[in-house]
Amino acid sequence: MKNCHQFLTLKDICYSYTKNRQILSDINFSLSESELLGIIGPNGSGKTTLLNVISGILKPYKGEIFIQNHNLNHLSIESIAKFISVVPQNTWVTFNFKAKEVVFMGRMPYISRIKGESQEDYKISREAMIKTHSLSLSNQNIQKISGGERQRVFLAKALAQSPKLLLLDEFTSHLDLTYKYEMLNLLKNILKKENLTIISTFHDLNLASIASDRLLLLNDGKIEKIGKPKEVLNKENLYKVYKVKPILINHPQFNVPQVIM
Amino acid sequence: MNKSLVKNTGFINWKKKLILIVLFGSLIVLVIGIFCLNFGVVTITPRDIMHLLINGTQDKTTNLIIWQLRAPRIVLGALTGAALSTVGGAFQGILRNPLADPYILGVSAGAALGACIGIAFQYITGYAFASYLPLFAFLGAMLSLYLVYKSSKISYSANSTGLLLSGVAITFLFSALITVLLALSRRELHSMIFWLMGDLSAANWKKISIILLPVFIGNAMLFFSALDLNALSLGEEEALHLGINTGRLRIRIFLIGSVIIATVVSFTGLIGFVGLIIPHIARLLVGPDHRIMLPIAAFLGAVFLILCDILARILLAPTEIPIGAITAIVGVPLFIYLLRRKNQ
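Parameters at a glance
Residues numbered from 1 in each chain as written. Chains lettered and ligands numbered in written order. Predicted model: local features only at pLDDT ≥ 70, side-chain atom pairs only at ≥ 80, totals over all residues. Helix = DSSP H or I, 4+ residues; strand = E, 2+ residues; numbered from the N terminus. Rg over C-alpha atoms; globule rule 2.2 N^0.38 Å. Buried ≥ 20, exposed ≤ 12 C-beta atoms within 10 Å, placed from the backbone. Contact = placed C-beta atoms within 7 Å. Pairing = 2+ DSSP bridges. Axes fitted to C-alpha atoms, helices over the stretch in contact; angles between N-to-C directions. Domains from an automatic or database assignment. Nonpolar A, V, L, I, M, F, W, Y, C, P; charged D, E, K, R; others polar. pLDDT = per-residue confidence, 0-100. Parallel < 35°, antiparallel > 145°, perpendicular 65-115°, else oblique. Left-handed = near helix turned anticlockwise from the far one by under 90°. Expected span 1.5 Å × (residues − 1). Bend = angle between axes of the 7 residues up to and from the residue.

S.K.: Mind showing me how you'd approach the overall build of chain B here?
M.R.: From N to C terminus, chain B includes 15 helices and 0 strands. Rg of the C-alpha trace for chain B: 21 Å, near the compact-globule value of 20 Å for 344 residues, within the 12% margin. With respect to the principal axes defined by its C-alpha atoms, chain B has extents near 65 × 50 × 35 Å. Classification of the 344 residues of chain B by burial places 46% in the buried group. The contacts of chain B with a sequence gap of at least 6 include a subset with a gap of at least 24, amounting to 77%.

S.K.: Which parts of the structure should I look at to understand unusual backbone geometry?
M.R.: Phi is mostly negative for residues that are not glycine, and the peptide bonds are mostly trans. Residue and element names in this part refer to chain A. The phi angle at D26 is positive, at roughly 45 degrees, despite the residue not being glycine. Looking at the element boundaries, D26 is found in strand β2 (residues 21-31). What makes D26 partly exposed here is the crowd of 15 C-beta atoms within 10 Å. One non-glycine residue with positive phi stands out, namely D220, at about 50 degrees. Following the sequence through the fold, D220 ends up in the loop between β9 (214-219) and β10 (222-227). D220 gets classed as partly exposed once you count the C-beta atoms within 10 Å, which come to 15.

S.K.: What should I look at first to understand the sheet that holds strand β4 (residues 62-67) of chain A in this one?
M.R.: In sheet architecture, strand pairing relies on hydrogen bonds along the backbone and comes in two forms, parallel and antiparallel. Residues and elements named next belong to chain A. A sheet is described by the order of its strands in space; here 4 strands give the open sequence β2-β1-β4-β5, paired in antiparallel fashion. Each edge of the sheet is formed by a strand with only one pairing partner; in this case those strands are β2 and β5 (70-71). Here 2 bridges tie β4 to β5, and the two strands are oriented antiparallel to one another. By the bridge assignment for β5, I67 is matched with H70. Helix-sheet contacts for helix α1 (residues 47-54) involve β1 (8-18), β2 and β4, and the interaxial angle to β2 is about 60 degrees.

S.K.: I tried to follow the sheet that holds strand β7 (residues 165-168) of chain A on my own but got confused; where do I start?
M.R.: Residues and elements named next belong to chain A. Strand order in the open sheet formed by 6 strands is β6-β7-β8-β3-β9-β10, with mixed pairing between adjacent strands. Each of the sheet's edge strands pairs with one partner strand only, and the pair in question is β6 (84-87) and β10. In this sheet, adjacent strand axes meet at a mean angle of 20 degrees when their direction is disregarded. Pairing geometry for β7 and strand β8 (residues 197-201), over 4 bridges, is parallel. What sits directly across from L168, in β8, is S200. Sheet strands in contact with α1 are β3 (36-40), β7, β8 and β9, and its direction is about 150 degrees off that of β8. Where helix α5 (residues 147-160) meets the sheet, its contacts fall on β6 and β7, and the angle it forms with β6 comes to roughly 175 degrees.

S.K.: Can you walk me through the domain arrangement of chain A in this structure?
M.R.: Interface extent is often summarised as the accessible area lost during association of the parts. Residue and element names in this part refer to chain A. Entries for chain A in the domain assignment read domain 1 (1-68 + 164-261) and domain 2 (93-163). Placing the centre of domain 1 and that of domain 2 at their C-alpha centroids yields a distance of 26 Å. Domain 1 puts 9 residues into the contact, and the matching count from domain 2 is 7 residues. Elements that contribute at least two residues to the side of domain 1 that touches domain 2 include exactly β7 and α6 (177-194). Here the side of domain 1 that touches domain 2 gets 3 residues from one element, more than from any other, and that element is α6.

S.K.: What am I meant to see in the interface of chain A and chain B here?
M.R.: In this assembly, 32 residues from chain A lie in contact with 28 residues from chain B. Broken down by secondary-structure element, the contributors of at least two residues to the side of chain A that touches chain B are α2 (77-83), β6, α3 (99-104) and α4 (119-131) of chain A. The element contributing the most residues to the side of chain A that touches chain B is α2(A), with 4 residues.

S.K.: Looking at this structure, how should I read the pairing of β6(A)?
M.R.: Within a regular strand, side chains alternate between the sheet's two faces. All names here are of chain A. Here β6 shows two buried faces, one formed by I84 and V86 and the other by S85 and V87. By the bridge criterion, 4 bridges tie β6 to β7 in an arrangement that is parallel. Its bridge partner lying in β7, V86 is registered against L167.

S.K.: Which parts of the structure should I look at to understand the pairing of strand β11 (residues 247-250) of chain A?
M.R.: Residue and element names in this part refer to chain A. Of the pairings in the sheet, the one linking β11 to strand β12 (residues 257-260) comprises 4 bridges and is antiparallel in character. If you follow I249 over to β12, its bridge partner there is Q258. The antiparallel pairing of β11 with β12 creates a hairpin that spans 6 residues between the two strands, and N255 there sits at a positive phi of about 60 degrees.

S.K.: Explanation requested: the domain arrangement of chain B in the structure shown.
M.R.: Residue and element names in this part refer to chain B. Here the domain parsing of chain B yields domain 1 (16-66) and domain 2 (73-343). Distance between the C-alpha centres of domain 1 and domain 2: 27 Å. Contacts between the two partners involve 12 residues from domain 1, matched on the other side by 15 residues from domain 2. Residues that form the side of domain 1 that touches domain 2 fall into these classes: 9 nonpolar, 2 polar and 1 charged.

S.K.: Please clarify how the environment of B:I336 should be interpreted in this entry.
M.R.: All names here are of chain B. When you line up the elements, I336 lands in helix α15 (residues 323-343). For I336, a count of 10 C-beta atoms within 10 Å corresponds to the exposed category. When the C-alpha positions of I336 and I28 are compared, they lie 24 Å apart, and in sequence the two are 308 residues distant.

S.K.: Help me out: how do you make sense of the confidence of the model for chain B in this one?
M.R.: Parts of the model with low pLDDT should not have their predicted coordinates read in detail. Residues and elements named next belong to chain B. Per-residue pLDDT for chain B has a mean of 86; in total, 93% of the residues score no lower than 70. Note on residues 1-8: pLDDT under 50 across the span, and 9 contacts to partners over four residues away in sequence or across chains. Here the complex is predicted with pTM 0.89, and the ipTM for its interfaces comes to 0.90.

S.K.: Can you walk me through the packing of helix α5 (residues 107-125) of chain B against helix α6 (residues 133-154) of chain B in this structure?
M.R.: Packed helices, taken two at a time, are described by the angle their axes make and the gap between the axes. All names here are of chain B. Here α5 crosses α6 at 140 degrees, and the two axes come no closer than 6 Å. What the angle tells us is that α5 and α6 run oblique. For the element pair α5 and α6, the recorded crossing hand is right-handed. Where α5 abuts α6, its residues V107, A109, G110, A111, L113, G114, A115, I117 and G118 lie against L133, F136, A137, F138, L139, G140, A141, L143, S144 and L145. When the residues that make up the contact of α5 with α6 are grouped by side-chain class, the tally is 14 nonpolar, 5 polar and no charged.

S.K.: Can you walk me through helix α9 (residues 205-224) of chain B in this structure?
M.R.: Quick reminder: α-helices carry 3.6 residues per turn. Residues three or four places apart thus point the same way. All names here are of chain B. Counted at 1.5 Å a residue, the expected span for α9 with its 20 residues is 28 Å, and the 29 Å between its end C-alpha atoms agrees. When the local axis directions of α9 are compared, the greatest deviation, roughly 30 degrees, occurs at I211, which is followed within four positions by the proline P214. If you check which residues of α9 are buried, you get K207, I211, V215, G218, N219 and L222. Here the buried face of α9 lies against α4 (60-95), α12 (246-268) and α14 (290-314).

S.K.: Looking at this model, I keep getting lost on the packing of helix α2 (residues 14-36) of chain B against α14(B). Mind explaining?
M.R.: Residues and elements named next belong to chain B. Orientation of α2 relative to α14, taken along the N-to-C sense of each, is 5 degrees, at an axis distance of 9 Å. Here α2 lies roughly parallel to α14, going by the angle between them. Contacts between α2 and α14 involve W14, K17, L18, I21, V22, G25, I28, V29, I32, G33 and C36 from the first element and R291, I292, P295, I296, F299, A302, V303, I306 and I310 from the second. Each residue belonging to the contact of α2 with α14 can be placed in one class, and the counts come to 16 nonpolar, 2 polar and 2 charged.

Right under this line is the structure:
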């Protein structure tokens, strides 16, 4: 097979909620291990839908997804949960669980409902909280901590799931500047140490440009361009997709393009 | 960084907690149950009761009052309270709605309609089949369960709103039919109203033996879904990401819970408020983890209903107040007090 060495491959993915409106059409790309792919595009271009298709909760009507040579269509949601974990955009929790209880829920795919959890599950949850600097939040009520803190707890939960692929949906949208860059460093560290592959949607193009190894620019459900930030963030592409003519400069430290209005 | 917070980051094994809860809970329910044998129209001294429990007695009247009247009533109250509370907690979990109670998904309205039809029949035909009333109620409950299940499938079964709306709609329909029956009724009105408010006075061991199995097996099945209920509080999509088939989970809990409730209310009538408030009190006391919260709710519900039934009997003795009224009159102030204390 051609894509044997690839970690994740999407082949001709098409998705629509209703018959007359196509949300994703002919999405094709591959990802190698330990890569961070940023998905960018205007509102309604299909970023979150693409993420939900990859996580297996939306079924495309055409096309296939392979993760480490397993066809996602043939895996149950229980097995997918052992491969892929997600940090959602909406982190509201119905009841007032403690932060550590939320993190522990990440172990759910591994716990037998009859036997219950093992010490190992507690250990992994604790380590995930240390990695995300959320250990001090352990006993806090998840409904009463700030959006940024909740985001870290949910990242810990996603790591406790011991995934191979981590999906982030507009991960930094609730965070202020300090936390944004702290989170970014955190992610890059985790990426290096954990042998994780990450796909994240971004609202903020400049952050996407700094964070990602490659960018995928979506336009109305189709891939406009995929490549290194320098190849994707240029005037023609941005005009085509966003209908604006911004100024592009080079980031002096990271040597990637930055967009200013 | 606060040191005490860091220290307490460990996880406590829930199995040990659970064993403790079950042991203590059973003990407390037993002690309160025995204590409540004291209350009734005929005065029997605590000494005589202890004597009877340990050695048996020759006095036939005392034996009859304790074993055939008071004890079954207490046991039925305990089982009913436990069943309503756990099902209420589980329904709040699957619907992700703290206002849900065991009656919200329509099964009780079905039971009520069945019972009212039974009572009306009884008066029209003049044939006394009071002992068949539970059967009428159970058939009504099964009918509404079927209707809610079918209509939630037609709408959007993968969504808790679909199930909730179907339940509420069927409840309205059945309540309307009950109102029609009430409006048409004359002499039977009192029996109907009493049934609708709940009543434990007709307890006997045969009824208990019928509801015992569904309550125990059903509750055990609910407890094994407790982890999945926890995950569902993160939201529909998050639970799916954790590998939980949320659609199937919801239908499973709905069916198990409804069968438990149908069996219980068929014998006791609609005792309100317990199933709404006890899960909240349990959550205030031990937190929202369903693996701990549901068993605690079961024991609290049992104790709460035994005590409410005693109040219903003695407050205006010899007149009995419907127990459904007592649960709310006692429960609301208690709940508001706990809520205030929690927030301070």
